[in-house]
Amino acid sequence: MRSIILVIVYLIVCILSIPFHLVLLIVRPINQRAAAVFSQKIVWLAFRLCMLISGCKREIVGREKVPKDTAVMYAANHRGFYDIILMYTAVPNQTLFVAKKELKKFVCIAQWMYFLNCLFMDRGNIKQNLQTILKAIEYVKKDYSVYISPEGTRNATDELLPFHEGSMKIATKGKVPIVPVCFTGTEEILEKHVPWVHRGKIRIEFGDPIYPDQLEKEELKHLGEYTRGILQEMYNRAAKLSD
């Protein structure tokens, strides 16, 4: 029943979004950031409604650790579709997401992602992905935080996949801290019951910021591996709490 209601709500939101999109098409060339700020507020409302209908309870831990005086690069594990929904209701700053290009196929969602300045990765297209990383670096220099899943794909096992070292350049070249973000429980909402949505509890934990310029040379050389190790420890602790 929840899945059916969510589909109906999605269609209604698509229709209601049309006038907003028309206005934002005019505003964005004049003030790109204003369009992004407004869009994030609308998406926050839509995703909070989505979580309510889905029966999702959320637990947010450590949000106060996110630096308030600078943009950051969020580096998160990726367990399920609801990672994104929860993250956009939890981030304390203006944030754009680096996502897979397949999301461009979803009507309404793709348009809102455009106004949020989201960027897209094309698996297997190294040249295009490099351009995406370069654009992300430009955005953090403009004080936009960037969210990325360095594993590169969804992974609901207890062992994180290797992190793509290239994604770390967003932080090193953009000169911003990395905030590890650990999700637990998101796969229980949808992935384990596709296509049906089940109620459940999702936990999101923000870790201590990692400042690349304060790391040892060897740690900086393998920054993806270093960040993965911290995130793995966070996940292991969270998993024990849920046992």
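Please refer to the structure placed before this passage.
Residues numbered from 1 in each chain as written. Predicted model: local features only at pLDDT ≥ 70, side-chain atom pairs only at ≥ 80, totals over all residues. Heavy atoms only, no water.

A short note on the packing of helix H1 (residues 2-30) against helix H2 (residues 32-54)
- At their nearest, the axes of H1 and H2 sit 10 Å apart, and the two run at 175° to each other. Put simply, H1 runs roughly antiparallel to H2. For the pair H1 and H2, contact is made by Arg2, Ile5, Leu6, Val9, Phe20, Leu24, Val27, Arg28 and Ile30 and by Gln32, Ala35, Phe38, Ser39, Leu49, Cys50, Ile53 and Ser54, respectively.
- When grouped by side-chain class, the residues that make up the contact of H1 with H2 number twelve nonpolar, three polar and two charged. (Axes fitted to C-alpha atoms, helices over the stretch in contact; angles between N-to-C directions. Helix = DSSP H or I, 4+ residues; strand = E, 2+ residues; numbered from the N terminus. Parallel < 35°, antiparallel > 145°, perpendicular 65-115°, else oblique. Contact = heavy atoms within 4.5 Å. Nonpolar A, V, L, I, M, F, W, Y, C, P; charged D, E, K, R; others polar.)

Observations regarding the nonpolar core
- Among the nonpolar cores identified, the biggest contains 40 residues, and Tyr74, Tyr82, Met87, Val181, Phe183, Ile204 and Phe206 are the most heavily contacted of them.
- Those elements giving two or more residues to this core turn out to be H1, H2, strand E2 (73-76), helix H3 (82-88), strand E3 (95-100), helix H4 (109-115), strand E6 (178-184) and strand E7 (200-206).
- Setting aside residues up to four positions removed in sequence, Met87 forms contacts with Tyr74, Phe97, Tyr147, Val181, Phe183, Ile204 and Phe206.
- Membership of the second largest hydrophobic core comes to 31 residues, among which are Ala75, Val98, Ala136 and Ile137. (Core = buried A, V, L, I, M, F, W, Y, C linked by side-chain atoms within 4.5 Å. Buried < 20%, exposed > 50% of the residue type's maximum accessible area, 1.4 Å probe, protein only.)

Details of unusual backbone geometry
- Cis geometry is adopted by the peptide bond preceding Pro195, which originates at Val194 and carries an omega value of 5°.
- Among the secondary structure elements, Pro195 is positioned in the loop between E6 and E7.
- Positive phi is not limited to glycine here, since Asn117 has a value of about 65°.
- Along the chain, Asn117 turns up in the loop between H4 and strand E4 (119-121).
- Looking at Asn117, the relative accessible area reads 2%, which means it is buried.

A look at the sheet that holds E2
- If you trace the seven strands from one edge of the open sheet to the other, you get E1-E7-E6-E2-E5-E3-E4, paired in mixed fashion. On the outer flanks of this sheet lie strand E1 (56-61) and E4, each paired with one strand and no other. Across this sheet, the average inter-strand angle for adjacent strands is 20°, counted without regard to direction.
- Strands E3, E4 and strand E5 (145-148) of the sheet are contacted by helix H5 (residues 126-141), whose axis makes an angle of about 155° with E4.
- Strand contacts of helix H8 (residues 223-242): E2, E6 and E7, with the helix running at about 35° to E6, the strand carrying the most contacts. (Pairing = 2+ DSSP bridges.)

Structural notes on the environment of Ala71
- Inspection of the secondary structure assignment puts Ala71 in the loop between E1 and E2.
- By relative accessible area, Ala71 is classed as buried at 2%.
- For the pair Ala71 and Tyr144, spaced 73 residues apart in the sequence, the C-alpha separation amounts to 5.6 Å.
- Apart from residues no more than four positions distant in its own chain, Ala71 is found in contact with Val140, Asp143, Tyr144, Ser145, Val176 and Pro177.

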